[in-house]
Amino acid sequence: MLTSPICDQKGVLHTYKEIMTVFPQVEPELKIDCTGLVAVSPKHELIKALRQLQQEGNFNLSGRRMTNNLLSNRMWVDAYIYQIA
């Protein structure tokens, strides 16, 4: 998941267009298949739950893998957190 306020401002389709414009220019090359990206609002339930978890726990989730976690009343089987701001 990639969050951006562009999702709220201009919609998800425009956000994907922006991602596809920038994605090939990132250095070093990302080892992520861009077809696996999901663009969401920063207000998405999972993003809000991760921010809350990070703030309440007073630790940084960036660079961590999370496996079999219950957040926002949903089971998230596997996730790698690159950055939560």
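Here the structure is shown first, and the text comes after it.
The structure displayed is predicted, hence computed values, not measured ones. (Residues numbered from 1 in each chain as written. Predicted model: local features only at pLDDT ≥ 70, side-chain atom pairs only at ≥ 80, totals over all residues. Heavy atoms only, no water.)

1. Considering the overall build of the chain
The test is simple: Numbered from the N terminus, helices here are DSSP runs of H or I no shorter than four residues, and strands are runs of E no shorter than two. We call a residue buried when its accessible area falls under 20% of the maximum for its residue type, exposed when it is over 50%, and partly exposed in between, using a 1.4 Å probe and counting protein chains only. The accessible surface values rely on the Shrake-Rupley method and a 1.4 Å probe; as for residues, cover is taken only from the protein chains in view. Neither His nor the chain ends contribute to the count of charged residues, in which Lys and Arg are positive and Asp and Glu negative. Here the site of a charge means atom NZ of a Lys, CZ of an Arg, CG of an Asp or CD of a Glu.
From N to C terminus, the chain includes three helices and four strands. In the chain, the succession of helices and strands from N to C terminus is β-α-α-β-α-β-β. Dimensions of the chain, computed from the C-alpha atoms along their principal axes, are close to 35 × 30 × 20 Å. Among the 85 residues that make up the chain, the fraction classed as buried is 25%. Surface exposure of the chain reaches about 6,400 Å², of which carbon and sulfur atoms provide 54%. Of the charged side chains in the chain, 9 are positive and 8 negative; the average position of the first set lies 5 Å away from that of the second.

2. Points about the packing of aromatic side chains
As a reminder, the rule being used: What counts as a ring pair is set by centres within 6.5 Å for rings of Phe, Tyr and Trp (its six-membered ring), and what kind of pair is set by the plane angle: stacked under 30 degrees, edge-to-face over 60, tilted for all other angles.
Counted under the stated rule, the structure contains one aromatic pair. Pairing Tyr80 with Tyr82 gives two aromatic rings, centres 4.7 Å apart and planes at 70°, and the pair type is edge-to-face.

3. So, a nonpolar patch on the surface
Condition: The patches reported here contain residues having more than 30% relative accessible area and no salt bridge. Joining distances are 9 Å for like charges and 5 Å for nonpolar side chains (Val, Leu, Ile, Met, Phe, Trp, Tyr). Whenever a carboxyl oxygen of Asp or Glu lies within 4 Å of a side-chain nitrogen of Lys or Arg, that contact is scored as a salt bridge.
Judged by side-chain polarity, Leu70, Met75 and Val77 come together as a nonpolar surface patch covering roughly 330 Å² of accessible area. Here Met75 lies in strand E4 (residues 74-81). Taking relative accessible area as the criterion, Met75 reaches 51% and is therefore assigned exposed.

4. Some remarks on the pairing of E4
Basically, it comes down to this: For two strands to be treated as a pair, DSSP must find no fewer than two bridges joining them.
Pairing between strand E3 (residues 64-71) and E4: seven bridges, direction antiparallel. Bridge assignment links Leu71 to a residue of E4, and that residue is Arg74. Taking the residues that link successive antiparallel strands as the turn, the E3-E4 hairpin has two residues, and the phi of Ser72 there is positive, at about 55°.

5. Observations regarding the side chain of Ser41
Filter applied, for reference: Contacts are residue-level and defined by heavy atoms, with any inter-residue pair within 4.5 Å sufficient.
Examined against the element boundaries, Ser41 turns out to sit in the loop between strand E2 (39-40) and helix H3 (45-57). Of the residues examined, Ser41 reaches a relative accessible area of 14% and is grouped as buried. Dropping the residues within four chain positions of it, Ser41 is found in contact with Thr3, Ser4, Cys7, Asp8 and Ile47.

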